[in-house]
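# Understanding the architecture of this molecule
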Amino acid sequence: MADFKRVLLLGTGPTSIQLALLLKKQRNCSVGIAGRASVRSESFFESIQQNNQLSRVSVQNEKHQAMEGECFIDHLFNGYETITGEWDTLIFSVTTDAYVEVLEKISNQLLKQVKCIVLMSPTFGSNSLIRNYMNQLHSDAEIISFSTYLGDTRWMDDRPSHHVLTTAVKKKVYIGSTHHSSKNIEILSKVYEQLGIELDVMDSPLEAETRNISLYVHPPLFMNDFSLNAIFGDVNNKKYVYKIYPEGPITQYLIRDMLSQWKEIMNVLEEINIKSINLLKFMTDDNYPVRLESLSRQDIESFNHLETIHQEYLLYIRYTSLLMDPFSEPDENGRYFDFSAVPIRKMFVNREGFLDIPRMPKEDYYRIKIIQGIARYLDSECPTIDKFIKTYESKIVEVAQSHENELLSDGFVVQSFDEDLNMICSEIGKSIGTKQLK
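Conventions used here
- Residues numbered from 1 in each chain as written.
- Predicted model: local features only at pLDDT ≥ 70, side-chain atom pairs only at ≥ 80, totals over all residues.
- Heavy atoms only, no water.
- Phe/Tyr/Trp six-rings, centres within 6.5 Å; stacked < 30°, edge-to-face > 60°.
- Lys NZ or Arg CZ within 6 Å of the ring centre and 35° of its normal.
- Pairing = 2+ DSSP bridges.
- Helix = DSSP H or I, 4+ residues; strand = E, 2+ residues; numbered from the N terminus.
- Axes fitted to C-alpha atoms, helices over the stretch in contact; angles between N-to-C directions.
- 1 Å grid on protein atoms, 1.4 Å probe; cavity = no way out; pocket = protein on both sides within 12 Å on 5 of 7 lines; lining within 4 Å.
- Points joined across faces, edges and corners; volume = space filled by probe spheres on them.
- Nonpolar A, V, L, I, M, F, W, Y, C, P; charged D, E, K, R; others polar.
- Parallel < 35°, antiparallel > 145°, perpendicular 65-115°, else oblique.
- Left-handed = near helix turned anticlockwise from the far one by under 90°.
- Contact = heavy atoms within 4.5 Å.
- Expected span 1.5 Å × (residues − 1).
- Core = buried A, V, L, I, M, F, W, Y, C linked by side-chain atoms within 4.5 Å.
- Buried < 20%, exposed > 50% of the residue type's maximum accessible area, 1.4 Å probe, protein only.
- Salt bridge = Lys/Arg side-chain N within 4 Å of Asp/Glu carboxyl O.

Per an unreviewed UniProt entry, the chain is named Opine metallophore biosynthesis dehydrogenase, and its organism is Metabacillus arenae.

Turning to the packing of aromatic side chains, a few remarks are in order. Inspection of the entire model under this criterion finds 14 aromatic pairs. Linked through ring pairs, Tyr-365, Tyr-366, Tyr-392 and Phe-417 together constitute an aromatic cluster. The ring of Trp-87 has Arg-6 lying over it, and the distance from NZ or CZ to the ring centre is 4.3 Å. Against the face of Tyr-319 rests Arg-318, its NZ or CZ located 5.1 Å from the ring centre.

So, about the sheet that holds strand β9 (residues 151-155). If you walk across this open sheet you meet the 4 strands as β4-β3-β10-β9, and the pairing is mixed. The open sheet has two edge strands with one neighbour each: β4 (69-72) and β9. Adjacent strand axes in the sheet meet at a mean angle of 25°, parallel and antiparallel pairs treated alike. Two elements, strand β3 (residues 54-59) and β4, share 4 bridges in a ladder whose sense is antiparallel. By the bridge assignment for β4, Leu-54 is matched with Phe-72.

Let us look at empty space enclosed by the protein. Evaluation of the coordinates by the stated rule reveals 2 cavities of 30 Å³ or more. The computed volume of the largest cavity comes to approximately 100 Å³. Forming the boundary of the largest cavity are Leu-19, Leu-22, Leu-23, Ile-91, Val-118, Met-120, Phe-146, Leu-150, Leu-188, Val-191 and Tyr-192. At the level of secondary structure, the elements contributing two or more residues to the lining of the largest cavity comprise α1 (14-27) and α6 (183-194). Each residue belonging to the lining of the largest cavity can be placed in one class, and the counts come to 11 nonpolar, no polar and no charged. In this model, the second largest cavity occupies a volume close to 30 Å³. Contributions of two or more residues to the lining of the second largest cavity are made by α8 (214-222) and α14 (359-377). The biggest single contributor to the lining of the second largest cavity is α14, with 4 residues. For the lining of the second largest cavity, the residue count by class is 4 nonpolar, 1 polar and 2 charged.

Counted as a void, the second largest pocket has a volume near 290 Å³. Around the second largest pocket, the lining comprises 16 residues; the ones closest to its centre are Tyr-174, Arg-211, Ser-276, Ile-277 and Asn-278. Elements with a contribution of two residues or more to the lining of the second largest pocket: β11 (172-177) and α11 (279-285). Looking at the lining of the second largest pocket, the element that brings in the most residues is α11, giving 3 residues. Considering only residue class, the lining of the second largest pocket consists of 5 nonpolar, 3 polar and 8 charged.

Here α14 crosses helix α16 (residues 418-432) at 50°, and the two axes come no closer than 10 Å. By the angle between their axes, α14 is oblique relative to α16. For α14 against α16, the interelement crossing comes out right-handed. Here Tyr-366, Lys-369, Ile-370, Gly-373, Ile-374 and Tyr-377 of α14 lie close against α16, whose contacting residues are Asp-420, Leu-421, Ile-424, Cys-425, Ile-428 and Gly-429. Counted by class, the contact of α14 with α16 contains 8 nonpolar, 2 polar and 2 charged residues.

Two quantities define a packed helix pair, namely the angle between the helix axes and the distance between the axes. Contact pair helix α5 (residues 126-136) / α16: the axes reach a minimum separation of 8 Å and the direction vectors enclose 90°. By the angle between their axes, α5 is roughly perpendicular relative to α16. Along the contact surface, α5 presents Ser-128, Leu-129, Arg-131, Asn-132, Tyr-133, Asn-135 and Gln-136, while α16 presents Asp-420, Met-423, Ile-424, Ser-426, Glu-427, Ile-428 and Lys-430. Residues of the contact of α5 with α16, tallied by class, amount to 5 nonpolar, 5 polar and 4 charged.

Our next topic: α6. Helical geometry: 3.6 residues make up each α-helical turn, so side chains three or four residues apart lie on a common side. Compared with the 16 Å implied by 1.5 Å per residue over 12 residues, the 17 Å span of α6 between its first and last C-alpha is a close match. Buried residues belonging to α6 abut α1, β7 (116-119), β8 (142-146), β11 and β12 (198-201).

By size, the foremost hydrophobic cluster in this structure holds 101 residues, and its most contacted members are Leu-10, Ile-83, Phe-92, Tyr-216 and Ile-374. When residues of this core are assigned to their parent elements, the largest contribution, 9 residues, is made by helix α10 (residues 252-271). Not counting residues up to four positions away in its chain, the partners in contact with Ile-374 are Phe-124, Val-268, Leu-421, Ile-424, Cys-425 and Ile-428. If you look at the next biggest cluster of nonpolar residues, it comprises 42 residues, including Leu-76, Val-169, Tyr-192 and Leu-195.

Moving on: the pattern of salt bridges. All chains considered together, the criterion is met by 20 salt bridges. Ionic pairing is found between Glu-393 and Lys-369, a salt bridge with its closest N-O pair at 2.9 Å. Within this pair, whereas Glu-393 is found in helix α15 (residues 383-402), its partner Lys-369 is found in helix α14, the two being separated by 24 residues in sequence. Across the pair, Lys-369 and Glu-393 agree in class, each one buried. Where Arg-376 meets Asp-386, a salt bridge forms, and the shortest distance between an N and an O atom there is 3.8 Å. One end of the pair, Arg-376, is in helix α14; the other, Asp-386, is in helix α15, with 10 residues separating them in the sequence. Exposure remark for Asp-386: the relative accessible area of 26% places this residue in the partly exposed category.

So, about the side chain of Asn-127. For Asn-127, the location among the structural elements is in helix α5. For Asn-127, the residues in contact, after removing those within four places along its chain, are Leu-119, Ile-143, Ile-144, Ser-145, Thr-178, Pro-205 and Glu-209.

Mapped onto the elements of the fold, Val-191 is located in helix α6. For the pair Val-191 and Lys-25, spaced 166 residues apart in the sequence, the C-alpha separation amounts to 9.6 Å.

Next up, the structure:
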């Protein structure tokens, strides 16, 4: 029997408003939004309540009209511990490192009634984490993982409110479920089909979680001295994520590390019987293409079988080919859209008054520590991943010490995430035999 009749969205970010609208428009279900009580969420709840619980989605591109509109939010919960009622479906729209923290604030009695849990933007291992938690409650809820959120949604006026703007929509997203022949996957496939998004069903949720490009490119792009100095240093001139050195971090050495990390992750996938990924093909076909004059189809398709130096060469070509948008229209001076000019964000004071780290690399720290922990559990060496983590942790310790008299967020704390890792590896162990977490 299918769910999605009473759906509770966990998280008060812009994605929750977009998802609420899609569920209302296409499923006409009862929708609630819950979030933690904080300075940041206060303006969100105030704005929604001032507008009689009406939320609004605008789109940047006319071809995404299926994403826009208005809808009423049926229930609001300011604080996860205040959630009441019966909900057949929970949708996690919070950062991956907060999953267990959120679950622990929701009553076990309510969780036991849930039939389906959807993870919108999980990381590698998130489904295993949630499954382990729910197993402890003797729940057989279906747990679904997407590879990533369906697009890019942000606050309309750069502050939490009832109004959001969706600026981009993905062409393809991957999905996997703990249940085979899932009616809920069929429902979600229809929802995504109406949006013009291809939904590729994987053999397992863990496999879907590996189809997130951030896993492969964010650590090398951000966990290096150049990018970390741009984030935490006092230099005022801008640096850019996707530009070649010295405007950005991309050098032959960064490309070498990117390739090495991909191979380390592929070794982990091999240990748990998940199909490997052609990194170059994934970058060009599932994320952003380049012209065939820059990268031939043959090179893309045969990438996994090439020599290491040839692979590095092709990855470098891929990034240089996207310094400008090769499919944009040139201006009167023959200049194409400056596609790579994505600024590296600096550390900032958050709404609670704490010095904080930008989402990239703060969220990537959790992702890569989880991968490192899984690799160690599987006795799979990962020296490049180890190097990224050591570089990042050394930097946040150094910055914390130099700002010891200021309020600092928990992003400046070196963490092990052992509790999450034990839960994740326990589930992975069940599928591959008995191993103990080291």
